[in-house]
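Observations on chain architecture
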Amino acid sequence: GNTTLQLSASAAGLSNGVYNAILSIQAQGVLPQSIQVPVTFVVGASPNISIGGIGNAASGSQTFAPGQLIAVYGSNLAAPFQIAAIQPLPLTLGGVSATVSGVAAPLYFVSPGQINLQIPYETSVGPAVLGVNNGGQVAAFSFTVAPTAPGIFASNGSLGPYATGQPGQTVVAFVTGD
């Protein structure tokens, strides 16, 4: 029959951030016999920071994949604009860090209204949660991860970094989400 399940969590001993868990519920004599429910617990959520949406950094599409570069849009996401000066990309930039389903996400740049980051390759297909921590101010955003979500970087409608090519010439394309 139907029942209500109540779940509680304590923030005692946890630092500000986004915590994820999968709640597995099983029952005999029903189909399906088990379901998995993703649960998100935000410690330090603040009305001063918010995530309004995300998109593929190349195409703007709303399909996301492991390893893909994404643009995160919101308010008070970071202090003034900073761009990563090193490779591999840093996990903290300008006092800002981000996680996807609990795994640290490499940061390309941060600004008050936008962050570009890479979804970690370890991210599983299915429900995911993005957490952004700006100096202890935390925001979360739920989205779904697909196996692939290609986007091609272009400039003024042309394949970047070259607008044209000649027969036999090698042309370079920058792709994300493949």
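These numbers were taken from a predicted model, which means no experiment stands behind them.

1. Some thoughts on the pairing of strand 10 (residues 114–118)
Where burial is concerned, most of strand 10 is hidden: 4 out of the 5 residues are buried. Inspection of the sheet shows strand 4 (residues 69–75) paired to strand 10 by 5 bridges, in the antiparallel sense. Residue pairing for strand 10: Val72 is matched across the bridge by Ile115. When strand 9 (residues 107–110) meets strand 10, the two strands line up antiparallel, connected through 3 bridges. Among the inter-strand pairings, Phe109 is bridged to a residue of strand 10, identified as Asn116.

2. As for the nonpolar core
In this structure, Val72, Ile115, Leu117, Leu130, Val132 and Phe143 are the most contacted members of the largest nonpolar core, which totals 26 residues. Among the elements of the structure, strand 3 (50–56), strand 4, strand 7 (96–100), strand 9, strand 10, strand 11 (126–134) and strand 12 (137–145) are those that each provide at least two residues to this core. Residues within four places of Leu117 in sequence aside, it is in contact with Gln68, Leu69, Ile70, Val72, Ala98, Ala105, Pro106, Leu107, Tyr108 and Leu130.

3. Structural notes on the environment of Tyr121
In this structure, Tyr121 sits in the loop between strand 10 and strand 11. Using a relative accessible area of 61% as the deciding quantity, one classes Tyr121 as exposed. Apart from the residues within four sequence positions on either side, Tyr121 is in contact with Pro66 and Gly67.

4. Looking at the packing of aromatic side chains
Within the structure shown, the criterion is met by 3 aromatic pairs. When the centroid spacing of 5.3 Å and the interplanar angle of 40° are considered together, the rings of Phe81 and Phe109 count as tilted. Remark: Phe109 occurs in strand 9 and Phe81 occurs in the loop between strand 4 and strand 5 (82–83); sequence separation between them is 28 residues. The exposure class assigned to Phe109 is buried, which follows from its relative accessible area of 13%. Relative to Phe109, the ring of Tyr108 lies with its centre 6.1 Å away and its plane at 65°, an arrangement referred to as edge-to-face.

So, how was this worked out
Residues numbered from 1 in each chain as written. Predicted model: local features only at pLDDT ≥ 70, side-chain atom pairs only at ≥ 80, totals over all residues. Heavy atoms only, no water. Buried < 20%, exposed > 50% of the residue type's maximum accessible area, 1.4 Å probe, protein only. Helix = DSSP H or I, 4+ residues; strand = E, 2+ residues; numbered from the N terminus. Pairing = 2+ DSSP bridges. Core = buried A, V, L, I, M, F, W, Y, C linked by side-chain atoms within 4.5 Å. Contact = heavy atoms within 4.5 Å. Phe/Tyr/Trp six-rings, centres within 6.5 Å; stacked < 30°, edge-to-face > 60°.

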